[in-house]
Number of protein chains: 2
Amino acid sequence: MKTTTASAVRQFPCEKCPLQEFAHFQRHEKDELEFLSGFKTGELVADAGTTFLVEGANSAHLFTVLSGWAFRYKTLEDGRRQILNYVLPGDLIGLQGSLMKEMQHSIEAMSPVILCVFQRDKLPNLFRTFPSLAYDITWLASREEQMLDEILLSVGRRTALERAAYLFAFIFQRAKSVGMVKDDKLFVPLKQQHVADTLGLSIVHTNKTLKKLAARGALRWVDRGCEVLDEAVLLDISGWQGLPKVPRPFI
Amino acid sequence: MKTTTASAVRQFPCEKCPLQEFAHFQRHEKDELEFLSGFKTGELVADAGTTFLVEGANSAHLFTVLSGWAFRYKTLEDGRRQILNYVLPGDLIGLQGSLMKEMQHSIEAMSPVILCVFQRDKLPNLFRTFPSLAYDITWLASREEQMLDEILLSVGRRTALERAAYLFAFIFQRAKSVGMVKDDKLFVPLKQQHVADTLGLSIVHTNKTLKKLAARGALRWVDRGCEVLDEAVLLDISGWQGLPKVPRPFI
DNA sequence: CGTTAACTTGACCTGGCTCAAGTAATGTGG
DNA sequence: CCACATTACTTGAGCCAGGTCAAGTTAACG
């Protein structure tokens, strides 16, 4: 049975947060860590396929992803779906729901996802007592906007092949920075339907486009997902410059 | 000659900020206003057609638009352009440039634009001394993300006609909340090329699509721009629910 | 071992693109 | 105040990228 479960026990106390091991992340000061320990109210595991944040819901929480893959999406009334972005470890989600009345998008897990849970009504207190952390949250919001800008450029102006290449290059670089790339290869638990809904294409055309990338050796469809094999080819086809290599905060 | 000029004189001291007259905006507390007066370093006027924020540049400023129209955009190396969003009075711009190393998009004025200028290196001080204002900035960043989500859904999954209808309904509602709609009509200083680059379509097809909207009485092309005439028709064609009617902060 | 979900493939269609040739309005220099 | 250039908007013709429909093929799962 697929569900979302809260765990009473803390497998990952903030001082031992698995995220801080990556060079990509800015480490917290000691006092920040102490504060965050109190800000955090627990952990949550969402099974693959669970929509654990729903559009329109008034969620009382804010999350940081500790591990796993998820995606943010919106749908039109007749069911057409657009995937807005993917969610990887270190990403903060549910901020919209905390600041505005409600979330305007949903989030679904693509693999088991471990979440660090924060109480949203403690957010004003965070802003009052830890300006440095408030700054980090704003930084993360701004980064999400930057990613969306790039995705929108891609969906609006790139061809199907360029768009697909960009998508996998983008995912590859993000995953690499959180240690998910092994042997220069990356497994992504995606269905082709996800790719189609990300690129704004039909599944049939997506399939044909992906075949071309596969023929170039850029990727391979395996068991229940996709293996990204050649970042250089993807960057070349898409004409994308790659992500700026700046250390980033997390909460 | 088109240029961007800084004015030594303050036409709009914060206590008399023209934006605060709109019910749509949350008013500032007295102490916040005093702080903002010091945070503000001047005013700037950008002529129509000026790109006053350039991708890649390391701008030392942060701006709030006091009046006028502008748009944010990105381009691919071969010149293909995607307009990401429009900028209206009350919008905060240049935040990305302040938080990360540099801006990843450009901004161009579509009409004369009056900007309120803030010094970016004073931002950490704002976070330290006025958590409420820091919260407002985060709110604004989150709102921009929310708008982008909706635009991406539109470009990715709506048909040309729905997309165009959505765009004008969206612009109409935003403009309405800052008092730019008179007699239920709105003039927008847009070229059809802007519309094409926003919707991810060619100019030819954009022209044909706009004709359909004009035939339905939704809008009309006039002198140097477009007049939006019927919000209801636009909402109907697009199937869009409209913007949440929540009061919003500004800086 | 039958069922279902996911991926393929081919045939055909169409929304949107490109090319090309207008028209209309505005702006500029003489 | 006219002549000519320029910029924006139109329109038609033909094409093609990507969509739809339909029928397989796998491969996992109960």
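Source: prediction; values computed, not measured.

Undergrad: Describe the pairing of strand E4 (residues 61-67) of chain B, listing the residues and the values that go with them.
TA: Residue and element names in this part refer to chain B. Most of E4 is tucked away: 5 of the 7 residues are buried. In terms of strand pairing, E4 meets strand E9 (residues 113-119) through 6 bridges, oriented antiparallel. Looking across to E9, one finds that His 61 is bridged to Gln 119. Looking at chain direction, E4 and strand E7 (residues 92-93) are connected through 2 bridges and run antiparallel. Its bridge partner being in E7, Phe 63 is matched across the sheet by Ile 93.

Undergrad: Can you break down the protein's contact with DNA strand D residue by residue, with the values?
TA: The immediate surroundings of DNA strand D are formed by 15 residues, with Ser202(A), His205(A), Arg224(A), Gln192(B) and Asn207(B) found nearest. For DNA strand D, the fraction of protein-proximal atoms (within 4 Å) that sit in sugar or phosphate groups is 79%. A distance of 3.4 Å separates a phosphate oxygen of DNA strand D from a polar atom in the backbone of Ala160(A). Gln192(B) is positioned such that a nitrogen or oxygen atom in its side chain is 2.8 Å from a phosphate oxygen of DNA strand D. No other element matches helix H7 (residues 203-215) of chain B, which puts 4 residues into the surface near DNA strand D. Class assignment for the residues of the surface near DNA strand D results in 5 nonpolar, 5 polar and 5 charged.

Undergrad: Summarise the relation of the copies chain B and chain A; cite the residues concerned and give the values.
TA: Overlay of chain B on chain A (RMSD 0.0 Å): rotation 180°, translation along the axis 0.0 Å. Here the two chains are linked by the operation of a two-fold rotation axis.

Undergrad: Please set out the nonpolar core residue by residue, giving values where relevant.
TA: Counting residues in hydrophobic clusters, the biggest one holds 142 residues, and the most contacted among them are Phe168(A), Leu213(A), Phe168(B) and Leu213(B). Those residues within four positions of Leu213(A) in sequence are excluded, and the remaining contacts are Leu161(A), Ala164(A), Ala165(A), Phe168(A), Ala218(A), Leu219(A), Leu234(A) and Ile237(A).

Undergrad: Tell me about the sheet that holds strand E11 (residues 219-222) of chain B, and please be specific about residues and values.
TA: Residues and elements named next belong to chain B. In spatial order, the strands read E10-E12-E11; together these 3 strands make up an open sheet with antiparallel pairing. Two strands close off the open sheet at either side, each with one partner strand: strand E10 (186-188) and E11. Going across the sheet, the axis of each strand differs from the next one's by a mean of 25°, ignoring polarity. Note: E11 against strand E12 (residues 225-228), 4 bridges, orientation antiparallel. Bridge pairing links Trp 221 to Cys 226 in E12.

Thresholds, definitions, all that
- Residues numbered from 1 in each chain as written.
- Chains lettered and ligands numbered in written order.
- Predicted model: local features only at pLDDT ≥ 70, side-chain atom pairs only at ≥ 80, totals over all residues.
- Heavy atoms only, no water.
- Buried < 20%, exposed > 50% of the residue type's maximum accessible area, 1.4 Å probe, protein only.
- Helix = DSSP H or I, 4+ residues; strand = E, 2+ residues; numbered from the N terminus.
- Pairing = 2+ DSSP bridges.
- Near = heavy atom within 4 Å.
- Polar contact = N/O pair within 3.5 Å; in protein donor to acceptor, adjacent residues only side chain to side chain.
- Nonpolar A, V, L, I, M, F, W, Y, C, P; charged D, E, K, R; others polar.
- Least-squares fit on C-alpha atoms with pLDDT ≥ 70 in both.
- Core = buried A, V, L, I, M, F, W, Y, C linked by side-chain atoms within 4.5 Å.
- Contact = heavy atoms within 4.5 Å.
- Axes fitted to C-alpha atoms, helices over the stretch in contact; angles between N-to-C directions.

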